[in-house]
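Structural overview
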Amino acid sequence: MRTFIAIDIPKEIKDRLYETQSAIKSLGIIAAYPHKKNLEITLAFLGDKTEEEISNIKYQLQEIKLNSFAASIKNMGSFPSDFRINVVWAGVDSSDLYILNSLVCKSINFKLDRPFNPHITLCRVKSAKNQDKLQSFIKERRNMGFGEFRIDSFVLKKSTLTKDGPKYENIEKFSLN
(Lines give C-alpha, C1' and ligand atoms only; values in the text may rest on other atoms or scores of the structure.)
Protein backbone atom coordinates (compact mmCIF):
# COMPACT_ATOMS: atom_id res chain seq x y z
CA MET A 1 0.00 0.00 0.00
CA ARG A 2 1.37 3.47 -0.96
CA THR A 3 1.85 5.50 2.19
CA PHE A 4 3.00 8.90 3.34
CA ILE A 5 3.00 11.05 6.47
CA ALA A 6 1.39 14.47 6.26
CA ILE A 7 -0.19 17.39 8.06
CA ASP A 8 -3.75 18.29 7.20
CA ILE A 9 -4.48 21.98 6.78
CA PRO A 10 -7.65 23.87 7.72
CA LYS A 11 -10.48 24.36 5.23
CA GLU A 12 -10.11 28.19 5.19
CA ILE A 13 -6.50 27.89 4.03
CA LYS A 14 -7.42 25.19 1.50
CA ASP A 15 -10.05 27.59 0.13
CA ARG A 16 -7.42 30.32 -0.40
CA LEU A 17 -5.00 27.86 -1.99
CA TYR A 18 -7.77 26.58 -4.28
CA GLU A 19 -8.50 30.17 -5.38
CA THR A 20 -4.84 30.50 -6.32
CA GLN A 21 -4.98 27.21 -8.25
CA SER A 22 -8.00 28.56 -10.14
CA ALA A 23 -6.11 31.75 -10.98
CA ILE A 24 -3.20 29.67 -12.33
CA LYS A 25 -5.63 27.62 -14.44
CA SER A 26 -7.07 30.84 -15.88
CA LEU A 27 -3.61 31.66 -17.30
CA GLY A 28 -3.93 28.62 -19.56
CA ILE A 29 -1.31 26.64 -17.67
CA ILE A 30 -1.42 22.94 -18.58
CA ALA A 31 -0.79 21.20 -15.28
CA ALA A 32 -1.94 18.55 -12.84
CA TYR A 33 -3.76 20.30 -10.01
CA PRO A 34 -4.13 18.42 -6.72
CA HIS A 35 -7.76 18.18 -5.66
CA LYS A 36 -8.67 20.71 -2.98
CA LYS A 37 -9.27 17.94 -0.42
CA ASN A 38 -5.73 16.59 -1.10
CA LEU A 39 -3.91 19.84 -0.30
CA GLU A 40 -1.61 19.00 2.61
CA ILE A 41 1.97 19.27 3.90
CA THR A 42 3.92 16.08 3.26
CA LEU A 43 6.47 15.17 5.94
CA ALA A 44 7.66 11.95 4.29
CA PHE A 45 6.56 9.88 1.31
CA LEU A 46 7.19 6.28 2.37
CA GLY A 47 6.11 4.47 -0.79
CA ASP A 48 4.76 0.93 -0.79
CA LYS A 49 4.57 -0.70 2.65
CA THR A 50 3.22 -4.03 3.84
CA GLU A 51 0.62 -4.34 6.61
CA GLU A 52 3.39 -5.47 8.98
CA GLU A 53 5.57 -2.47 8.10
CA ILE A 54 2.60 -0.14 8.60
CA SER A 55 1.94 -1.67 12.00
CA ASN A 56 5.57 -1.03 13.02
CA ILE A 57 5.46 2.52 11.65
CA LYS A 58 2.28 3.29 13.62
CA TYR A 59 3.89 1.96 16.80
CA GLN A 60 7.00 4.14 16.30
CA LEU A 61 5.05 7.29 15.42
CA GLN A 62 2.96 6.98 18.60
CA GLU A 63 6.18 7.47 20.58
CA ILE A 64 6.83 10.99 19.21
CA LYS A 65 6.60 13.68 21.87
CA LEU A 66 6.34 17.29 20.73
CA ASN A 67 4.14 20.22 21.68
CA SER A 68 1.72 21.62 19.13
CA PHE A 69 3.01 24.68 17.29
CA ALA A 70 2.04 27.46 14.92
CA ALA A 71 2.68 27.48 11.18
CA SER A 72 2.12 30.10 8.53
CA ILE A 73 1.30 29.32 4.89
CA LYS A 74 2.91 32.07 2.89
CA ASN A 75 5.01 32.79 -0.17
CA MET A 76 4.78 31.22 -3.58
CA GLY A 77 7.58 29.67 -5.53
CA SER A 78 8.51 26.97 -7.97
CA PHE A 79 10.72 23.92 -8.31
CA PRO A 80 13.32 23.50 -9.64
CA SER A 81 13.70 27.25 -10.38
CA ASP A 82 11.85 30.41 -11.41
CA PHE A 83 13.01 29.88 -14.99
CA ARG A 84 12.11 26.22 -15.36
CA ILE A 85 8.85 25.66 -13.53
CA ASN A 86 7.83 22.05 -12.89
CA VAL A 87 5.98 22.56 -9.60
CA VAL A 88 4.25 25.64 -8.17
CA TRP A 89 4.07 25.66 -4.38
CA ALA A 90 2.94 27.64 -1.34
CA GLY A 91 5.55 27.74 1.41
CA VAL A 92 5.14 26.70 5.03
CA ASP A 93 6.93 28.80 7.63
CA SER A 94 7.61 27.12 10.97
CA SER A 95 10.94 26.12 12.50
CA ASP A 96 9.10 23.53 14.63
CA LEU A 97 7.99 21.77 11.45
CA TYR A 98 11.63 20.85 10.79
CA ILE A 99 11.81 19.37 14.29
CA LEU A 100 8.66 17.33 13.70
CA ASN A 101 9.98 16.11 10.34
CA SER A 102 13.26 15.07 11.97
CA LEU A 103 11.47 13.23 14.80
CA VAL A 104 9.19 11.43 12.32
CA CYS A 105 12.08 10.33 10.09
CA LYS A 106 14.27 9.22 13.02
CA SER A 107 11.44 7.33 14.71
CA ILE A 108 10.79 5.16 11.64
CA ASN A 109 14.43 5.08 10.47
CA PHE A 110 13.55 6.86 7.22
CA LYS A 111 15.93 8.96 5.15
CA LEU A 112 14.54 11.64 2.86
CA ASP A 113 15.94 11.58 -0.67
CA ARG A 114 16.41 15.38 -0.57
CA PRO A 115 16.45 18.08 2.12
CA PHE A 116 13.07 18.75 3.73
CA ASN A 117 11.44 21.81 2.15
CA PRO A 118 7.97 22.26 3.67
CA HIS A 119 5.43 23.29 1.06
CA ILE A 120 2.01 22.63 -0.38
CA THR A 121 1.97 21.67 -4.05
CA LEU A 122 -0.44 23.84 -6.03
CA CYS A 123 0.25 22.25 -9.42
CA ARG A 124 2.66 20.13 -11.44
CA VAL A 125 3.28 21.88 -14.74
CA LYS A 126 3.01 19.62 -17.82
CA SER A 127 3.83 22.11 -20.60
CA ALA A 128 6.03 25.17 -21.10
CA LYS A 129 3.06 26.92 -22.76
CA ASN A 130 2.39 30.31 -21.08
CA GLN A 131 5.45 29.85 -18.85
CA ASP A 132 6.12 33.61 -18.99
CA LYS A 133 2.63 34.32 -17.60
CA LEU A 134 3.22 31.80 -14.82
CA GLN A 135 6.61 33.34 -13.96
CA SER A 136 4.98 36.79 -13.65
CA PHE A 137 2.10 35.35 -11.61
CA ILE A 138 4.49 33.76 -9.10
CA LYS A 139 6.70 36.86 -8.93
CA GLU A 140 3.68 39.10 -8.18
CA ARG A 141 2.56 36.75 -5.38
CA ARG A 142 5.99 35.76 -4.05
CA ASN A 143 5.15 37.13 -0.57
CA MET A 144 1.46 36.25 -0.54
CA GLY A 145 -0.02 35.02 2.75
CA PHE A 146 -2.61 32.23 2.88
CA GLY A 147 -3.12 32.06 6.65
CA GLU A 148 -1.82 30.70 9.92
CA PHE A 149 -2.90 27.68 11.94
CA ARG A 150 -1.86 25.47 14.81
CA ILE A 151 -0.34 22.09 14.01
CA ASP A 152 -1.57 19.72 16.70
CA SER A 153 -1.38 16.41 14.81
CA PHE A 154 0.02 14.56 11.84
CA VAL A 155 -1.39 11.65 9.87
CA LEU A 156 -0.19 8.40 8.32
CA LYS A 157 -2.05 8.21 5.01
CA LYS A 158 -2.72 5.75 2.25
CA SER A 159 -2.62 6.93 -1.36
CA THR A 160 -4.56 5.02 -4.00
CA LEU A 161 -3.92 6.01 -7.61
CA THR A 162 -7.10 6.28 -9.70
CA LYS A 163 -7.91 7.59 -13.18
CA ASP A 164 -9.28 10.73 -11.47
CA GLY A 165 -6.06 11.30 -9.52
CA PRO A 166 -4.86 10.02 -6.17
CA LYS A 167 -7.33 9.26 -3.40
CA TYR A 168 -6.01 9.81 0.14
CA GLU A 169 -7.29 7.96 3.20
CA ASN A 170 -6.18 8.35 6.80
CA ILE A 171 -4.66 5.23 8.30
CA GLU A 172 -3.97 6.76 11.69
CA LYS A 173 -3.80 10.24 13.24
CA PHE A 174 -1.15 11.13 15.83
CA SER A 175 -1.72 13.99 18.28
CA LEU A 176 0.95 16.37 19.48
CA ASN A 177 0.99 17.51 23.12
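Report on the accompanying structure. Quantities reported herein were computed from a predicted structural model and do not represent experimental measurements.

**Regarding the sheet that holds strand E7 (residues 145-151)**
Spatially, 5 strands are ordered E2-E6-E5-E4-E7 in an open sheet, and the strand pairing comes out antiparallel. Both outer strands of the open sheet, strand E2 (31-32) and E7, are each paired with one neighbouring strand and no more. Of the pairings in the sheet, the one linking strand E4 (residues 69-80) to strand E5 (residues 85-93) comprises 8 bridges and is antiparallel in character. Bridged to Gly77 within E5 is Trp89.

**What about the pattern of salt bridges?**
Inspection of the entire model under this criterion finds 9 salt bridges. A salt bridge links Glu140 to Arg141; its shortest N-O distance comes to 3.2 Å. Among the residues examined, Arg141 registers a relative accessible area of 26% and is labelled partly exposed. One salt-bridge network, held together by shared partners, links Lys11, Asp15 and Lys36.

**Describing unusual backbone geometry**
Cis peptide bonds are those with omega within 30 degrees of zero, and the linkage from Phe79 to Pro80 qualifies with -5 degrees. Mapped onto the secondary structure, Pro80 falls in strand E4. Within the chain, Asn109 stands out as a residue other than glycine whose phi angle is a positive 55 degrees. Counting through the fold element by element, Asn109 comes out in the loop between helix H3 (95-107) and strand E6 (119-125). Given the relative accessible area of 67%, Asn109 is considered exposed.

**Structural notes on the environment of Pro10**
Structurally, Pro10 can be placed in the loop between strand E1 (2-8) and helix H1 (11-26). The spatial distance from the C-alpha of Pro10 to the C-alpha of Arg150 is 9.3 Å, given a sequence separation of 140 residues.

**Quick notes on the sheet that holds strand E8 (residues 153-162)**
Strand order in the open sheet formed by 4 strands is E3-E1-E8-E9, with antiparallel pairing between adjacent strands. The two strands at the open ends of the sheet, each matched to only one other strand, are strand E3 (40-48) and strand E9 (165-175). The mean inter-strand angle of the sheet, taken between neighbouring strand axes irrespective of direction, is 25 degrees. Where E8 lies against E9, 10 bridges are found, and the strand directions are antiparallel. By the bridge assignment for E9, Leu156 is matched with Glu172.

Scoring rules and cut-offs
What you see as residue numbers is a count from 1 along each chain, following the sequence as written. Only residues with pLDDT of 70 or above have their local features reported here, since the model is predicted, and side-chain atom pairs are shown and tallied only from 80 upward, although totals for entire chains, interfaces and linings are computed over all residues. In computing side-chain properties, one takes all heavy atoms of the structure into account and sets aside hydrogens as well as water. We treat two strands as partners when DSSP finds at least two bridges between them. Note on conventions: DSSP H or I runs of at least 4 residues are helices, E runs of at least 2 residues are strands, and numbering of each starts at the N terminus. Should a side-chain nitrogen of Lys or Arg be within 4 Å of a carboxyl oxygen of Asp or Glu, the pair is scored as a salt bridge. Buried, partly exposed and exposed residues are distinguished by accessible area as a fraction of the type maximum, computed with a 1.4 Å probe on protein chains only: under 20%, between the cut-offs, and over 50%, respectively. Convention adopted: a line fitted to C-alpha atoms gives each axis, helices being fitted over their contacting stretch, and angles between N-to-C directions are expressed from 0 to 180 degrees.

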